[in-house]
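Tertiary structure, described
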Amino acid sequence: MEQLQPPVSSNEENGFLQQGPDSVNVDLENRAIELAFEVNEEDINAAAQESIEDDQDIEELEIQVNEERVAVYANSSMFPFIATQYRLFFTPGIENGQLILALEEAYMGRIPLPNQFVLNQIEMEEDYFYLDSDNERIILFPDLPENVTFSTVEITQGEIETELVITIESLSDAIQLIEEILPQGVEEEILNRLF
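What you see is a predicted model; the values in this text were computed from it and never measured.

So, on to the confidence of the model for the chain. Of all residues in the chain, 75% have pLDDT values of 70 or greater, and the mean over the chain is 79. Contacts of residues 1–17 to residues separated by more than four positions or lying in other chains number 36 contacts, the stretch itself having pLDDT below 50.

With four bridges connecting them, strand 8 (residues 129–132) and strand 9 (residues 137–140) associate as antiparallel partners. By the bridge assignment, Phe129 is partnered in strand 9 with Leu140. The antiparallel hairpin formed by strand 8 and strand 9 contains four residues in its connecting segment, where Glu136 sits at a positive phi of about 55°.

This model, assessed by the stated rule, comprises three salt bridges. Between Arg69 and Glu105 there is a salt bridge; the shortest N-O distance is 2.6 Å. Taken as a pair, Arg69 in the loop between strand 3 (58–65) and strand 4 (70–79) and Glu105 in strand 6 (residues 98–108) lie far apart in primary sequence, 36 residues in all. Since its relative accessible area comes to 28%, Glu105 is described here as partly exposed. Put simply, Asp132 and Arg137 hold a salt bridge, and the shortest N to O gap is 2.8 Å. Take Asp132 and Arg137: they sit in the same class, and that class is buried.

Thresholds, definitions, all that
Residues numbered from 1 in each chain as written. Predicted model: local features only at pLDDT ≥ 70, side-chain atom pairs only at ≥ 80, totals over all residues. Heavy atoms only, no water. pLDDT = per-residue confidence, 0-100. Contact = heavy atoms within 4.5 Å. Pairing = 2+ DSSP bridges. Helix = DSSP H or I, 4+ residues; strand = E, 2+ residues; numbered from the N terminus. Salt bridge = Lys/Arg side-chain N within 4 Å of Asp/Glu carboxyl O. Buried < 20%, exposed > 50% of the residue type's maximum accessible area, 1.4 Å probe, protein only.

Structure follows, in structure tokens:
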């Protein structure tokens with residue numbers, strides 16, 4: 001069983017989801033606002049730790065991002081005396097404008113597990129995740145408005161980079177979208193660029 005690193009807490013009070021984009025591009029010709037996000041392992045692990053705080057089944061959790069995939073390691077106990085490590089390997093991607101994590105492989109110790117079975121066992125109560133066990137994937141941020149889509153996702157050693165595109169038909173649409181989905185403070189930066 002791999003020794004996991006102790007939980008890391010994010011420097012940001014609200015975690016990576018509320019930090020805002022790393023860059024903002026207002027494309028008036030195509031009526032779009034493009035937001036680029038870079039999320040590192042530390043912030044991903046902080047969010048993961050927060051999501052499992054009340055989970056009595058998971059003793060330790062660590063997420064690693066390398067150049068090929070995202071690995072999730074969870075230490076648990078089958079019984080009070082049998083320590084077990086679950087290893088899940090995901091590949092991020094974009095499908096129909098949605099950001100997905102496709103489950104490629106899953107193991108309990110050295111025993112391979114069926115992907116669909118594993119996803120059916122995961123309990124996520126977060127609003128920004130949807131488990132699509134039939135297609136062996138997790139959809140991130142499934143409830144975004146139709147005119148808000150992900151356009152790219154790339155992974156490097158220790159970091160995930162993605163771009164979110166907001167298509168706008170009018171200035172009032174832009175202001176409404178900005179107020180509804182962006183972290184506080186980011187809307188000011190976009191409005192400053194529009195005017």
